Amino acid sequence: MTSQPGRHFLQIPGPTNVPDQVLRAISAPTIDHRGPDFASLTTELLTSLKPVFGTSGPVVVFPGSGTGAWEAALVNTLSTGDRVLHVETGHFATLWQRMAAGLGLYVDFVPGDWRHGVSPEAVAERLTADSARTIKAVCVVHNETSTGVTSRVSEIRQAMDATGHPALLLVDTISSLGSIDYRHDEWGVDVTVAGSQKGLMLPPGLGFNAVSEKALAASRTARLRKSYWDWQPIIEANRRGFFPYTPATNLLYGLAEALRMLEAEGLPAVFARHDRHAAATRTAVRGWGLEVLCVDDREHSSSLTAVLMPDDQDADKVREIILERFDMSLGAGLGKLAGRVFRIGHLGHFNDLTLAGTLAGVQMGLQLAGVRIDPNGLTAALDVLRSE
Ligand code: PLP
C-alpha cells in the first residue's frame, strides 16, 4: 500500500467517510455493557434512532453487517416453504433473493434490466394473480447501490394495498437511510433493513431492523430457524436498556454522535443536501457526454451515481488510474455491470467541496484513461453548486 499526503478520498457508495467527532466518540473507553451507564446509552440511542427510520415502533440493533440484517428480516417473519416476491433491480436485490432461497423460501424473482427500480404495477400484478395468498412478503431494495436507482416505496405500498393482498413489505435501506427521504410508518413498511456504514456515517459493523406491529405479530408464528437474529430476546432486553449478548459498545458511542449530527442538521436538510449533490453529479456526467445508468427521472439515487462507460472503455481501468494518481476510491461495477460502470458515492459526511474534489478527480482520471469527454462537465457541475 502506498502512502500519500492528505486525506484519502473514499468516494465509494459505502462504507463512507467517518466524521472526526464520530471517530473520537468511538475511541472512548469501553464500559460494562451490563452496568447502569450502558442502560442510559441504549435508551437514548433507541429513542433517537426512531425519527431516522420514521417510526414509533421498535428498532433492533445487531452487531453485524447489512447482510445479517437481511437475514434477520427474513427469519423473523417467515416460515420454510413460504413464497416471497423479489424484484431484480440489481446486484443487491439478486443477493437478497438468493439468501431467501437458501433459507428455504420459494422466491418469485421478477426480472429487471438493472436500470429501473421496482415497478409498483408489476408487484400489484403478481399479488393480484396470487389468489391463494401464498406470497407472504414482498422484498424491495429501496436504493440499489449497484445501479444508483431508487425505488418508489410509498407507491409500491399503495399498489400492494390496492390489491387487498396481506403480504408483508420488507425494505432494504442500507444505502438510503439517513441520506434519502424514508418513512417506515407512513409508507406502511413492515421491516426496514439498514446498516451503519453509509448514511449513518459509522464504520461497518451494525445492522438494523425497524419492525412494524404486523411484522412483530408475524414473528410470533414464523418458523424459520433463528437464534442470533431472533428479535424477541433483543426487544425484551432493550426494554431494560440492555442486549442479550455483548453489543458493539464503541460503535454505539459513534452511533449516538452520528445521530446527534443528523438531528442538528435536520433530516429535511440532510435529504436536500444529498439531492443537490446528486443533481450536480448528474450534470457533470451528462456534461462529459457520458450516460447515467438510471434511466427514469423519478428514480435517480441521491446517494450515488452509476456512470455507464462507452462500450470500448473499461471502467475498472479508470478507477485504477484515479486511485493511483489521486488517491480516490470509486465504486466498482458489480455483478453483470463489472467493468461497464463506475459508481460515485456522494453520501454521508459530504459537502460541496468534497463533491467538487471528487468530480475533478473523476474528470482528470477519465482524461488520463483516454476516454473522450467534454471537460466542461466539471464546470457545469460547479455552476450547479454555486447557483443553489
Ligand atoms: N444491500 C445493499 C443495498 C447494499 O448496498 C449492501 C452493501 O453495500 C448490502 C445490502 C450488503 O450489506 P453488507 O455488505 O453490510 O453486508
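Quick caveat, the model's predicted, so the values are computed rather than measured.

### Regarding the overall build of the protein
In step 1: Counting its regular elements, the protein contains 13 helices and 14 strands.
In step 2: In terms of C-alpha radius of gyration, the protein reaches 21 Å, essentially the compact-globule figure of 21 Å for 388 residues.
In step 3: Taking the principal axes of its C-alpha atoms as reference, the protein extends roughly 60 × 55 × 40 Å.
In step 4: A burial count over the protein gives 60% of its 388 residues as buried.
In step 5: Looking at the protein alone, contacts between residues at least 24 apart form 73% of all its contacts between residues at least 6 apart.
In step 6: As displayed, the protein has an accessible area near 15600 Å², and 54% of this comes from carbon and sulfur atoms.
In step 7: Of the side-chain charges in the protein, 35 are positive and 42 negative, and the distance between the mean point of each set is 4 Å.

### Brief notes about the sheet that holds strand E14 (residues 341-345)
In step 1: In spatial order, the strands read E1-E13-E14-E12-E11; together these 5 strands make up an open sheet with mixed pairing. Edge positions in the sheet fall to strand E1 (9-11) and strand E11 (291-292), since each of these pairs with one other strand and no more.
In step 2: Across 5 bridges, the pairing between strand E12 (residues 304-308) and E14 is antiparallel. When the sheet's bridge partners are listed, Leu 308 is paired in E14 with Val 341.

### Description of the pairing of E14
In step 1: Most of E14 is tucked away: 5 of the 5 residues are buried.
In step 2: Covered by surrounding structure in E14 are Val 341, Arg 343 and Gly 345 together with Phe 342 and Ile 344, the residues of both alternating faces.
In step 3: Two strands pair when backbone bridges link them, and strand E13 (residues 328-332) and E14 are joined in this way by 2 bridges, in the antiparallel orientation. Looking at the pairing, Gly 331 lines up with Arg 343 of E14.

### A closer look at the packing of helix H2 (residues 36-53) against helix H9 (residues 249-265)
In step 1: Packing of H2 against H9 brings their axes to within 10 Å, and their N-to-C directions diverge by 45 degrees. The orientation of H2 with respect to H9, classified from their angle, is oblique. The handedness of the crossing between H2 and H9 is left-handed. Of the residues in H9, those touching H2 at Phe 38, Leu 41, Glu 44, Leu 45, Ser 48, Leu 49 and Val 52 are Thr 249, Leu 252, Tyr 253, Leu 255, Ala 256, Leu 259, Arg 260 and Leu 262.
In step 2: When grouped by side-chain class, the residues that make up the contact of H2 with H9 number 11 nonpolar, 2 polar and 2 charged.

### With respect to the site of the ligand
In step 1: Every residue near the ligand is listed here: Ser 65, Gly 66, Thr 67, Trp 70, Phe 92, Val 141, Asn 143, Thr 145, Asp 172, Ile 174, Gln 197 and Lys 198.
In step 2: A distance of 2.8 Å is found between an oxygen atom of the ligand and a side-chain nitrogen or oxygen belonging to Gln 197.
In step 3: Take Lys 198: an N or O atom from its side chain is 2.7 Å from an oxygen atom of the ligand.
In step 4: Out of a free accessible area of 390 Å², the ligand has 84% covered by protein chains.
In step 5: Ranked by residues supplied to the shell around the ligand, first place goes to helix H3 (residues 66-77) with 3 residues.
In step 6: Of the residues assigned to the shell around the ligand, the class counts are 4 nonpolar, 6 polar and 2 charged.

### Observations concerning helix H12 (residues 352-368)
In step 1: Along its 17 residues, H12 runs 24 Å from first to last C-alpha, staying within 8% of the 24 Å computed at 1.5 Å per residue.
In step 2: Listing the buried residues of H12 in full gives Thr 354, Leu 355, Ala 356, Thr 358, Leu 359, Gly 361, Val 362, Gln 363, Gly 365 and Leu 366.
In step 3: On its buried face, H12 sits against E1, helix H10 (267-288), helix H11 (315-326), E13, E14 and helix H13 (376-387).
In step 4: Looking at where H12 begins, the residue whose side-chain oxygen comes 3.1 Å from the main-chain nitrogen of Leu 353 is Asn 351.
In step 5: Residue Gly 370 follows H12 closely and has a positive phi angle near 80 degrees.

### Brief notes about the pattern of salt bridges
In step 1: Per the counting criterion, the structure on display carries 20 salt bridges.
In step 2: Ionic pairing is found between Glu 299 and Arg 152, a salt bridge with its closest N-O pair at 3.3 Å. Within this pair, whereas Glu 299 is found in the loop between E11 and E12, its partner Arg 152 is found in the loop between strand E7 (149-150) and helix H6 (153-163), the two being separated by 147 residues in sequence.
In step 3: A relative accessible area of 2% places Glu 299 in the buried class.
In step 4: Ionic pairing is found between Arg 276 and Asp 352, a salt bridge with its closest N-O pair at 2.9 Å.

### Some details on the side chain of Arg 276
In step 1: Tracing the backbone shows Arg 276 in helix H10.
In step 2: Of the residues examined, Arg 276 reaches a relative accessible area of 18% and is grouped as buried.
In step 3: At 3.0 Å, the side chain of Arg 276 and the backbone oxygen of Leu 385 are in polar contact.
In step 4: Contacts of Arg 276, omitting those with residues within four sequence positions, involve Asp 352, Leu 385 and Glu 388.

### A closer look at the domain arrangement of the protein
Think of interface size as the accessible area that goes away when the parts come together; that is how it is often given.
In step 1: What the domain assignment reports for the protein is domain 1 (9-16 + 266-387) and domain 2 (20-263).
In step 2: With 32 residues of domain 1 in contact, the opposing surface of domain 2 contributes 34 residues.
In step 3: Contact between domain 1 and domain 2 buries roughly 2600 Å² in total, counting both sides, with carbon and sulfur atoms accounting for 57%.
In step 4: Linking domain 1 with domain 2 are 2 salt bridges, by the criterion used here.
In step 5: A salt bridge links Glu 291 to Arg 115, with the shortest nitrogen-to-oxygen separation between them at 2.7 Å.
In step 6: Here domain 1 is connected to domain 2 by 18 residue pairs in polar contact (both at pLDDT 80 or more).

About the criteria used
- Residues numbered from 1 in each chain as written.
- Predicted model: local features only at pLDDT ≥ 70, side-chain atom pairs only at ≥ 80, totals over all residues.
- Heavy atoms only, no water.
- Helix = DSSP H or I, 4+ residues; strand = E, 2+ residues; numbered from the N terminus.
- Rg over C-alpha atoms; globule rule 2.2 N^0.38 Å.
- Buried < 20%, exposed > 50% of the residue type's maximum accessible area, 1.4 Å probe, protein only.
- Contact = heavy atoms within 4.5 Å.
- Areas by Shrake-Rupley, 256 points an atom, 1.4 Å probe, with all protein chains shown as cover.
- Lys, Arg positive; Asp, Glu negative; His and termini not counted.
- Charge placed at Lys NZ, Arg CZ, Asp CG, Glu CD.
- Pairing = 2+ DSSP bridges.
- Axes fitted to C-alpha atoms, helices over the stretch in contact; angles between N-to-C directions.
- Parallel < 35°, antiparallel > 145°, perpendicular 65-115°, else oblique.
- Left-handed = near helix turned anticlockwise from the far one by under 90°.
- Nonpolar A, V, L, I, M, F, W, Y, C, P; charged D, E, K, R; others polar.
- Near = heavy atom within 4 Å.
- Polar contact = N/O pair within 3.5 Å; in protein donor to acceptor, adjacent residues only side chain to side chain.
- Expected span 1.5 Å × (residues − 1).
- Salt bridge = Lys/Arg side-chain N within 4 Å of Asp/Glu carboxyl O.
- Domains from an automatic or database assignment.
- Buried area = accessible area lost by both parts, 1.4 Å probe.

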